[in-house]
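Overview (structure and organization)
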Amino acid sequence: MKYLNPLKLRTIAATLVAFAFIASAVAPLRAQQPAPGQDKGTSRSKVERKNRAPVSKEVLRVKLPKAVEVVLDNGLTVMILEDHRFPVVNMNLQMSGAGPIFDPADKPGLANLTAQMLREGTKTRNSRQIAEEIDKLGATLGATSGFGSTAASVNASGLSDNFDQWFGLMADMLMNPSFPADEFGKLKQRQKTALMQQRTQPGFLSQERFRRVVYGNHPAAVFSTTPAVLDSLTPEMLAAWHRERYVPQNAILGIAGDVKASEVIAKLKTALAGWKRTDYKESLPPNAKPATEGKIYLIDRPNSVQSTITMGNIAIDRRHADYFPMVVMNSIVGGGASARLFLNLREEKGYTYGVYSGFTQLKYAGPWSAGGDVRTEVTEGAMTEFMRELNRIRDEKVPAAELEEQKRSIVANFALSLESPTELLN
């Protein structure tokens, strides 16, 4: 592959067109002026790149460990990666169909709060007892279900020599949550405080508007809940969501660490014998369509000294044929400190401490976005340079040397990630 074929980027629409940014005022943006003592043609960058480091042209080879995979009688898919280097075990349980993407339209946050409440009490343990047992065992245990996700996730880790104890606690939390009203009331109060704090953050406001603009009526447009919705939710609603959605036939349990597959499978069959399959099946909403025309949305924050810029569009899902070209394209444009956006807006222009791009690949088409914080007075110049780089990746072939460098970097980072049990699990 000598260059990135622009046709490979067709799923991001003709150009990356949906914008949202925070500015300090609604006044028209002025043309950028050079800094005092700086000629218009002089670069601000003080970094001198000698490009003399020896670089191997060989492609790094990695050896992936093979997982043991089994489906239990209740439909639960189990994947086990044995890793006996350290006496530690990591577990991650993903339950498809239990994420906020399936929240009722008038109950955003139901899935998220259900997950958070799992460790606040079971039929045999209260919140304090669960916390004390986790601490005594030196384990970690929690559940999450972030907005935009299709799944709820239960994570646990601990030492292999007391695996039975902390896994038993995880199983109890998973199958027997009690959703106590007093703990739920405390959680809602914490959530309301967090919501107030969120609304003071430009990054949150920018992402909230961005998701709403690019996703429209799709459930992925929802980025947060509201105090009114929190007040309307009850423990009974959470229990009903858990009863319907936390089911084994839609779940994958990943285990990595100091275990023997045959032994841990036998333990799972015993501990999860009471977790029965149902007829519930995940059904995703239709994909939203990418925007086809450029628009700018302004959220005014008076007295701000920075503008938070977020731009992008709906891209692709994880199974799309363009996934790997997108990975490489993103790495070139804004994947790190050696990417084009960073070198342009920080090193060359001095507009920012850092700007980046990224994209989310899910079961449905996720967004590709680029952005960062820039000084308010250089907002127009920053927008110009963002668009220059986006047009450049679309219209010009990537030089062979730059392409090969980024490909090697991606492979090397992947190889390094295999040293981490949690990354192996993912």
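Everything numeric here is computed off the predicted structure, so don't read it as measured data. (Residues numbered from 1 in each chain as written. Predicted model: local features only at pLDDT ≥ 70, side-chain atom pairs only at ≥ 80, totals over all residues. Heavy atoms only, no water.)

A tally of regular secondary structure across the chain gives 13 helices and 11 strands. Per-residue burial over the chain gives 47% buried out of 426 residues. Within the structure as shown, the chain displays about 22,200 Å² of accessible surface, and the carbon and sulfur contribution to it stands at 53%. (Helix = DSSP H or I, 4+ residues; strand = E, 2+ residues; numbered from the N terminus. Buried < 20%, exposed > 50% of the residue type's maximum accessible area, 1.4 Å probe, protein only. Areas by Shrake-Rupley, 256 points an atom, 1.4 Å probe, with all protein chains shown as cover.)

A few words now on helix α9 (residues 323–334). For α9, which comprises 12 residues, the first-to-last C-alpha distance of 16 Å matches the rise-based estimate of 16 Å (1.5 Å per residue) to within 8%. Within α9, 10 of the 12 residues are buried, leaving the element largely enclosed by the surrounding structure. Those residues of α9 not exposed but buried are Y323, P325, M326, V328, M329, N330, S331, I332, V333 and G334. On its buried side, α9 packs onto α10 (340–348), β10 (355–359), β11 (367–375), α11 (379–395) and α12 (400–417). (Expected span 1.5 Å × (residues − 1). Contact = heavy atoms within 4.5 Å.)

In this section: the side chain of R245. Residue position: R245 is located in helix α7 (residues 235–245). Dropping the residues within four chain positions of it, R245 is found in contact with S96, G97, A98, F102 and Y280.

Before going further, it helps to spend a moment on the pattern of salt bridges. Following the criterion strictly, the structure yields 21 salt bridges and no others. D106 serves as the salt-bridge partner of K107, at 3.2 Å between the closest nitrogen and oxygen. With a relative accessible area of 16%, K107 lands in the buried category. Here E208 and R199 are joined by a salt bridge, their closest N and O atoms 2.5 Å apart. Of the residues examined, E208 reaches a relative accessible area of 14% and is grouped as buried. Several salt bridges share partner residues, and in doing so they unite D83, R85 and E419 into one network. (Salt bridge = Lys/Arg side-chain N within 4 Å of Asp/Glu carboxyl O.)

On to the nonpolar core. Membership of the largest hydrophobic core comes to 63 residues, with the highest contact counts inside it found for L93, M95 and I255. No other element matches the eight residues that helix α3 (residues 163–175) contributes to this core. The residues touching I255, leaving out its near neighbours within four places in the chain, are V78, M79, I80, L81, V89, N90, M91, V264, L268 and L425. Counting residues in hydrophobic clusters, the runner-up holds 26 residues, among them I309, F359, M383 and F386. (Core = buried A, V, L, I, M, F, W, Y, C linked by side-chain atoms within 4.5 Å.)

We now examine the packing of aromatic side chains. What the rule picks out here adds up to seven aromatic pairs. With a centroid separation of 4.9 Å and 70° between ring planes, the pair formed by Y323 and F324 is classed as edge-to-face. Members of the aromatic cluster, each reached through a chain of ring pairs, are F163, W166 and F167. Lying over the aromatic face of W241, R245 brings its terminal NZ or CZ to 4.4 Å of the ring centre. If you follow R318 out to its NZ or CZ, it ends over the ring of Y323, 3.6 Å from the centre. (Phe/Tyr/Trp six-rings, centres within 6.5 Å; stacked < 30°, edge-to-face > 60°. Lys NZ or Arg CZ within 6 Å of the ring centre and 35° of its normal.)

A word on the sheet that holds strand β2 (residues 68–71). Reading across from one edge, β2-β3-β7-β4-β6-β5 is the order of the six strands in this open sheet, with mixed pairing throughout. In this open sheet, the two strands that pair with only one neighbour each are β2 and β5 (140–144). With direction set aside, neighbouring strand axes in the sheet form an average angle of 10°. Helix α8 (residues 261–271) contacts β2, β3 (77–82) and β7 (251–257) of the sheet and is inclined by roughly 150° relative to β3. (Pairing = 2+ DSSP bridges. Axes fitted to C-alpha atoms, helices over the stretch in contact; angles between N-to-C directions.)

As a further point, take the pairing of β3. Note: β2 against β3, four bridges, orientation antiparallel. What sits directly across from V70, in β3, is V78. Linking two consecutive strands that pair antiparallel, namely β2 and β3, is a turn of five residues; a positive phi of about 100° is found at G75 within it. Note that β3 and β7 share six bridges and pair parallel. Bridged to M79 within β7 is G254.

Where helix α2 (residues 127–137) meets α3, the closest approach of the two axes is 10 Å, and the angle between their N-to-C directions is 155°. Taken as axis vectors, α2 and α3 run roughly antiparallel relative to one another. The handedness of the crossing between α2 and α3 comes out as left-handed. Between α2 and α3, the residues in contact are I130, E133, I134 and L137 and Q165, W166 and L169, respectively. (Parallel < 35°, antiparallel > 145°, perpendicular 65-115°, else oblique. Left-handed = near helix turned anticlockwise from the far one by under 90°.)

Scored by pLDDT, the chain has a mean of 88; 86% of the residues are at 70 or more. Here residues 1–18 is modelled with pLDDT under 50, and outside its nearest four sequence neighbours on either side it reaches 60 contacts, counting other chains as well. Of the regions scoring below 50 in pLDDT, residues 22–43 engages in 39 contacts with residues more than four places distant in sequence or in other chains. (pLDDT = per-residue confidence, 0-100.)

Let us now look at the pairing of β11. The buried count for β11 comes to seven of nine residues, which makes it a mostly enclosed element. Two strands pair when backbone bridges link them, and strand β9 (residues 306–314) and β11 are joined in this way by nine bridges, in the antiparallel orientation. Directly across from Q306, in β11, lies its bridge partner R375. Both β10 and β11 contribute to a ladder of five bridges, which runs antiparallel. Bridge pairing in β11 places G358 opposite S369.

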